[in-house]
Amino acid sequence: MVSGVDLVQWQIRIARGEKLDLDRLRSWRLAVIAIECRIYAEDPDNGFLPSPGRIVKLRAPAGPGVRDDSGAAAGLDVPIFYDR
């Protein structure tokens, strides 16, 4: 999304044996930035061991160009084996 090039499509094409179009890729002009944030259900005071529990309150990011892939919501339980 940031580069304007479908990177997954290129991965599939390369896996099929197609050559990478380096001239096209070198001409990328990034107009925006991307930031990925991860929140873990860990207890830093206990050696970062898993800390399962209920999500009591959650305010997910929103707005133009913002994508939230968390699948989390207030009221959901985070199990001990989450994200393993």
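As the structure is a computational prediction, the values presented were derived from the model and not from experiment.

Caption draft 1: The overall build of the chain, seen in detail. Each helix and strand counted, the chain has 2 helices and 4 strands in total. The order of helices and strands in the chain, counted from the N terminus, is α-α-β-β-β-β. When contacts within the chain are restricted to residue pairs at least 6 apart in sequence, those whose partners lie at least 24 apart make up 34%. Accessible surface, the chain as shown: approximately 7,800 Å² in total, 55% of it carbon and sulfur.

Caption draft 2: Up close: the pattern of salt bridges. Tallied over the entire structure, the rule returns 3 salt bridges. One salt bridge connects Glu18 with Arg13, and the closest N-O pair in it is separated by 2.9 Å. A residue is classified by how much of its surface remains accessible, and Arg13, at 26% relative accessible area, is partly exposed. The closest approach of N and O atoms between Asp69 and Arg67, which form a salt bridge, is 3.0 Å.

Caption draft 3: Representation of the environment of Ile39 within the structure. Summarising the element assignment, Ile39 is placed in the loop between helix 2 (22-26) and strand 1 (42-43). Remark: the alpha-carbon pair of Ile39 and Ser70, spanning 31 residues in sequence, is separated by 9.4 Å.

Caption draft 4: Fine view of unusual backbone geometry. Positive phi is not limited to glycine here, since Phe48 has a value of about 60°. Classification of Phe48 as exposed rests on a relative accessible area of 52%.

Caption draft 5: Broad picture of the confidence of the model for the chain. With 80% of its residues at a pLDDT of 70 or more, the chain has an overall mean of 81. Confidence, read as mean pLDDT per element, is least for helix 2 in the chain (66) and greatest for strand 3 (residues 53-54) (91).

Caption draft 6: Molecular detail of the environment of Pro61. Mapped onto the elements of the fold, Pro61 is located in the loop between strand 3 and strand 4 (77-78). Residue class for Pro61 comes out exposed when judged on its relative accessible area of 55%.

About the criteria used
Residues numbered from 1 in each chain as written. Predicted model: local features only at pLDDT ≥ 70, side-chain atom pairs only at ≥ 80, totals over all residues. Heavy atoms only, no water. Helix = DSSP H or I, 4+ residues; strand = E, 2+ residues; numbered from the N terminus. Contact = heavy atoms within 4.5 Å. Areas by Shrake-Rupley, 256 points an atom, 1.4 Å probe, with all protein chains shown as cover. Salt bridge = Lys/Arg side-chain N within 4 Å of Asp/Glu carboxyl O. Buried < 20%, exposed > 50% of the residue type's maximum accessible area, 1.4 Å probe, protein only. pLDDT = per-residue confidence, 0-100.

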